[in-house]
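# Residue-level structure breakdown
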Amino acid sequence: MNDTPKFGTAGLSDSYAAKGFDPQKIAAYTASFGLTAFEYQCGRGVRLAHDKAQALGKAAAAQGITLSVHAPYYISMSGLDDEKRLHSVDYLLQSCALVKALGGRRVVFHPGSCGKQSREAALEKALDTMRRAVAACDEAGYGDCILCPETMGKINQLGTVDEVLALCAVDPRITPCIDFGHIYARSGGAELTDTASYAALLDKLGDALGDDRAVHFHAHFSRIAYTAGGEKCHLTFADTAYGPPHAPLLQLLKQRKLAPTIICESAGTQAEDAQKLAAAFAAL
């Protein structure tokens, strides 16, 4: 297990010029920025053939790059329609099959939304789906996969820090995906603006998880614009009107010897901005 943070990207930056699916070029491009993580995007469905996934996994491993998968966006662990809600388990299984083909372990997913039910009712449904997903993964032979519920950026979405930690309490393998930009946007820019706010969040993770997951948690980072409803859109590091700032976080990771995997989700400059994160941490 890594003893310092791993930095990587969600998919490929706009600067990636190669055409078609080329595992060697994807791995070389990612490594050229000094990055050691890559999150394969399946937001619109799990469509990558497993032979291609294995080729990408082999090319990435040769460059020291760890792979993860972002599961489909249409997963809804808290949906009112039970049939649709339980399809979320199938989508997670598909994502687990892909991440294993890639040689990775972590599957990131969005928990869902509240809709026309209370947050408490939505969370209860999500907890039931989470338990079913863990059992299904074990039955399918995916017990070594790590499911990572993500903190979300819009007010009506399920995915506050506390809600994600509740999902993580279902099984000790479930590891949070802490999206710092989402937390910032959801709070209307009130949280994660300084060292104290980041420290409070990291303290909460340590208290709630109490194990290695608080050291090697998964994370997303980008600047995010927001409205009264929370997240509006992802930005780049060049867009400084919105946060969150990354310097206080990196300082705390260094001081506390934390080693998360941090995936940059900047809008089109994720490799360039992930490189900035890695360089800033290395300079501490």
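Residues numbered from 1 in each chain as written. Predicted model: local features only at pLDDT ≥ 70, side-chain atom pairs only at ≥ 80, totals over all residues. Heavy atoms only, no water.

## Digging into the overall build of the protein
Stated formally: In this text, helices come from DSSP runs of H or I with a minimum length of four residues, and strands from runs of E with a minimum of two, each type numbered from the N-terminal end. When we talk radius of gyration, it's over C-alpha atoms, and the globule rule is simply 2.2 Å times the number of residues to the 0.38. Relative accessibility decides the category of a residue: with a 1.4 Å probe and only protein chains considered, values under 20% of the type maximum give buried, values over 50% give exposed, and everything between is partly exposed. Every accessible area reported is derived by Shrake-Rupley at a probe size of 1.4 Å, with residue values counting cover from the shown protein chains alone. Positive charge is attributed to Lys and Arg, negative charge to Asp and Glu, and no charge count is given to His or to the chain ends. All charge positions are set by atom: Lys at NZ, Arg at CZ, Asp at CG, Glu at CD.
If you tally the helices and strands in the protein, you get nine helices and twelve strands. A compact globule built from 284 residues should have a C-alpha radius of gyration of about 19 Å, and the protein, at 18 Å, falls within 12% of that. Expressed along its principal axes, the backbone C-alpha trace of the protein runs to roughly 45 × 45 × 35 Å. The 284 residues of the protein split such that 55% are buried. Accessible surface, the protein: about 11,900 Å² in total, of which carbon and sulfur atoms supply 52%. Counting 28 positive and 31 negative side-chain charges, the protein places the averaged centre of each group 3 Å from the other.

## Structural notes on the environment of T261
Filter applied, for reference: We call two residues contacting when some pair of their heavy atoms lies within 4.5 Å.
As for its placement among the helices and strands, T261 is situated in strand β12 (residues 261-264). The spacing of T261 and V164 is 97 residues in sequence and 17 Å in space, taken between C-alpha atoms. Beyond its immediate stretch of four places on either side in the chain, T261 contacts K6, A37, R106, F217, H218 and A219.

## What to know about the pattern of salt bridges
Any two side chains of opposite charge can pair, on the condition that their charged atoms come close. Stated precisely, the cut-off is as follows: Salt bridge, as used here: a side-chain nitrogen of Lys or Arg that lies within 4 Å of a carboxyl oxygen of Asp or Glu.
One pass over the structure, following the stated rule, counts eleven salt bridges. Residue E163 is joined to R119 by a salt bridge in which the shortest nitrogen-to-oxygen separation is 2.8 Å. Residue E163 is found in helix α5 (residues 161-168), and its partner R119 is found in helix α4 (residues 119-140); the two are separated by 44 residues along the sequence. Taking the relative accessible area as the measure of exposure, R119 reaches 27% and is therefore partly exposed.

## Thoughts on unusual backbone geometry
A cis amide bond, omega 5°, links G243 with the succeeding residue P244. Looking at where P244 falls in the secondary structure, it is placed in the loop between β11 (230-234) and α8 (247-256). Not every positive phi belongs to a glycine, and L192 is a case in point at roughly 60°. Tracing the sequence through the fold places L192 in the loop between α6 (180-186) and α7 (195-209). On the basis of relative accessible area, L192 is assigned to the buried category, the value being 1%. Positive phi is not limited to glycine here, since K257 has a value of about 60°. Following the sequence through the fold, K257 ends up in the loop between α8 and β12.

## What about the sheet that holds strand β6 (residues 146-149)?
We count it as follows: Between any two strands, pairing holds if DSSP finds at least two bridges. Interaxial angles span 0 to 180 degrees and are taken between N-to-C directions of axes, which are lines fitted to C-alpha atoms, for helices over the stretch in contact.
On the basis of which strands lie adjacent, the open sheet formed by eight strands has the order β6-β4-β3-β2-β1-β12-β9-β8 and parallel pairing. A strand with exactly one partner marks an edge of an open sheet, and here the two such strands are β6 and β8 (177-179). Strand-to-strand twist across the sheet, computed as the mean angle between neighbouring axes with direction ignored, equals 25°. Where strand β1 (residues 6-10) lies against β12, four bridges are found, and the strand directions are parallel. Residue pairing across strands places K6 opposite T261, the latter belonging to β12.

## So, the packing of α8 against helix α9 (residues 270-282)
To keep it simple, the criterion reads: Roughly parallel means an angle under 35 degrees; roughly antiparallel means over 145; roughly perpendicular covers 65 to 115; every other angle is labelled oblique. Handedness of a crossing is defined here by the sense of rotation of the near helix relative to the far one, left-handed for an anticlockwise turn of less than a right angle and right-handed for a clockwise turn. When residue character is reported, Ala, Val, Leu, Ile, Met, Phe, Trp, Tyr, Cys and Pro are called nonpolar, Asp, Glu, Lys and Arg charged, and the others, Gly included, polar.
Where α8 contacts α9, the two axes come as close as 10 Å, and the packing angle between them is 45°. The angle between α8 and α9 falls in the class oblique. Between α8 and α9 lies a crossing whose hand is right-handed. Where α8 abuts α9, its residues L250, L253 and K254 lie against L277, A280 and F281. Here the residues of the contact of α8 with α9 sort into five nonpolar, no polar and one charged.

## Brief notes about the pairing of strand β3 (residues 66-70)
For clarity, the cut-off: Crossovers are marked right-handed if the path from the first strand over the helix to the second runs clockwise, as seen with the strands pointing away from the viewer.
Counting buried positions over the five residues of β3 gives four, a clear majority of the element. In terms of strand pairing, strand β2 (residues 37-41) meets β3 through five bridges, oriented parallel. Note on β3: the bridge partner recorded for Q41 is H70. In this region the chain leaves β2, passes through helix α2 (residues 50-62) and returns to the parallel neighbour β3; the handedness of that crossover is right-handed.

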